[in-house]
2 protein chains.
Amino acid sequence: MPKPLPDLRGPADPSTPQLAIHAARFAALGDPTRLGILVRLSDGAPRSIARLTEATDLTRQAVTKHLAVLAEAGIVRASRRGRETLFELEPAPLAAARQYLDAIAAQWEAALGRLKSFIEDPPH
Amino acid sequence: MPKPLPDLRGPADPSTPQLAIHAARFAALGDPTRLGILVRLSDGAPRSIARLTEATDLTRQAVTKHLAVLAEAGIVRASRRGRETLFELEPAPLAAARQYLDAIAAQWEAALGRLKSFIEDPPH
DNA sequence: CCTTCATGCAACCTTATGGATGCGCTTTTA
DNA sequence: TAAAAGCGCATCCATAAGGTTGCATGAAGG
């Protein structure tokens, strides 16, 4: 059974708040620098800002802003250790994004299935 | 076996072009209006611009722009029928986005697994 | 044919976004 | 303790993004 997935096909759509949350998450992923940072953090090891900056051709401040965006979306978590701020990947929000795409795909496939059965065995 | 996933942990990173493509895809998903459009199209039925505009409180032009962004990312496909332009969902790019998130998650879990085995059975 | 529907194109506006600099504060470390 | 490493904050800049309005154009219908 495909996941519910807020039904936006009707005229009234009160379930838009969830949609905004998911959109914000995708927006956070929608930048090559940020996506690169995530990939680098995907080995589970926390890294400092300076460390993450080394891998780019940007300023530390630019990277800091990107990390702030990721943190705002909950995709990354910061912790202070001494004079440095360590960032590590937070898997839950990524899983949520994945499941959202899964839901859309499931909806699509379910629709295909209904179309197929309709063609093979039309009503009336 | 976790998917390769461009290794950005080294200093030199020539595999960034792929990253840009994925980032562009996520960026296209990173807007509530566009995400809403996708959900509405996820039942497989093509819809006209006017039809999709009805579900929003925006102008037709605004919706047209959003559809252009989605089309640019390949997430949606347009076709002309008479005087109206029909848009329908394209599942392949969405699947690619899903798989990218899967790859990151797999990387993460593999790292956790290595950490676990290290703790349970430390070398030396 | 004349009107209406569904779009496309272009100009314009406002705000968000990505990035850089300069400066000051705290923690290490030589 | 003085220098260096790592950051945070504030400011400033240029461009992209989201939206609107106005006008022109092709297709449908009566």
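Within every chain, residues take consecutive numbers counted from 1 along the sequence as written. The naming scheme follows written order: chains are lettered A onward, ligands numbered 1 onward. Given that the model is predicted, a residue must reach a pLDDT of at least 70 before its local features are reported, and side-chain atom pairs must reach 80 or more before they are shown or counted; all residues, however, enter totals for whole chains, interfaces and linings. Heavy atoms from the whole structure form the basis of all side-chain values; hydrogens and water molecules are not counted.

Student: Whenever I open this one, the overall build of chain A confuses me. Can you help?
Tutor: Scanning chain A for helices and strands turns up five helices and three strands. Strands are runs of DSSP state E lasting at least two residues, helices are runs of H or I lasting at least four, and both sets are numbered from the N terminus onward. Along the chain direction, N to C, the helices and strands of chain A fall in the order α-α-β-α-α-β-β-α. Buried positions account for 40% of the 124 residues belonging to chain A. Residues count as neighbours in contact if any of their non-hydrogen atoms are within 4.5 Å of one another. Sequence separation of at least 24 residues holds for 55% of the intrachain contacts in chain A that already meet a minimum separation of 6. In short, Shrake-Rupley with a 1.4 Å probe defines the accessible areas, and a residue's cover is counted only from the protein chains shown. For chain A, the accessible area works out to roughly 7,000 Å², and carbon and sulfur atoms hold 57% of it. Burial classification: accessible surface area is computed with a 1.4 Å probe over protein chains only, and a residue below 20% of its type maximum counts as buried, one above 50% as exposed, and the rest as partly exposed.

Student: I keep staring at the interface of chain B and chain A and nothing clicks. Help me out?
Tutor: A common way to state how big an interface is: give the accessible area lost once the parts meet. The interface is formed by 35 residues belonging to chain B together with 35 residues belonging to chain A. Buried surface at the junction of chain B and chain A, summed over both partners, amounts to about 3,400 Å²; 75% is from carbon and sulfur atoms. By salt bridge we mean one thing: a side-chain nitrogen of Lys or Arg within 4 Å of a carboxyl oxygen of Asp or Glu. Taken together, chain B and chain A are joined by two salt bridges. A salt bridge links arginine 98 of chain B to aspartate 102 of chain A; its shortest N-O distance comes to 3.0 Å. In protein, a polar contact means a hydrogen-donor-capable atom and an acceptor-capable atom, both N or O and within 3.5 Å, with residues adjacent in sequence counting only if both atoms are side-chain atoms; elsewhere, any N or O pair within 3.5 Å suffices. Counting every contact that joins chain B to chain A gives four residue pairs in polar contact (both at pLDDT 80 or more). Summed over both partners, the accessible area lost on bringing two parts together, with a 1.4 Å probe, is the buried area.

Student: Where do I start with the confidence of the model for chain A in this structure?
Tutor: Detail in the predicted coordinates should be disregarded across regions flagged by low pLDDT. Across chain A, the average pLDDT comes to 87, with 78% of residues at 70 or higher. Within a predicted model, pLDDT stands for the predictor's per-residue confidence, ranging from 0 to 100. Counted against residues more than four places away or in other chains, residues 9-14 of chain A, with its pLDDT under 50, gives six contacts.

Student: I tried to follow the protein's contact with DNA strand D on my own but got confused; where do I start?
Tutor: Around DNA strand D sit 19 residues, and of these Ala50 and Gln61 of chain A together with Thr59, Lys65 and His66 of chain B come closest. Considering DNA strand D, the proportion of its atoms within 4 Å of the protein that are sugar or phosphate atoms stands at 59%. For DNA strand D, a base nitrogen lies 2.6 Å from a polar atom in the side chain of glutamine 61 of chain A. Within the contact set of DNA strand D, a sugar or linking oxygen lies 3.3 Å away from a side-chain nitrogen or oxygen of arginine 83 of chain A. Of the residues forming the surface near DNA strand D, the biggest block, four residues, is contributed by helix α4 (residues 60-72) of chain B. Of the residues belonging to the surface near DNA strand D, the class tally is four nonpolar, seven polar and eight charged. Throughout this document, a residue counts as near a molecule or strand when at least one of its heavy atoms sits within 4 Å of that molecule or strand. Note on residue classes: Ala, Val, Leu, Ile, Met, Phe, Trp, Tyr, Cys and Pro are nonpolar, Asp, Glu, Lys and Arg are charged, and everything else, Gly too, is polar.

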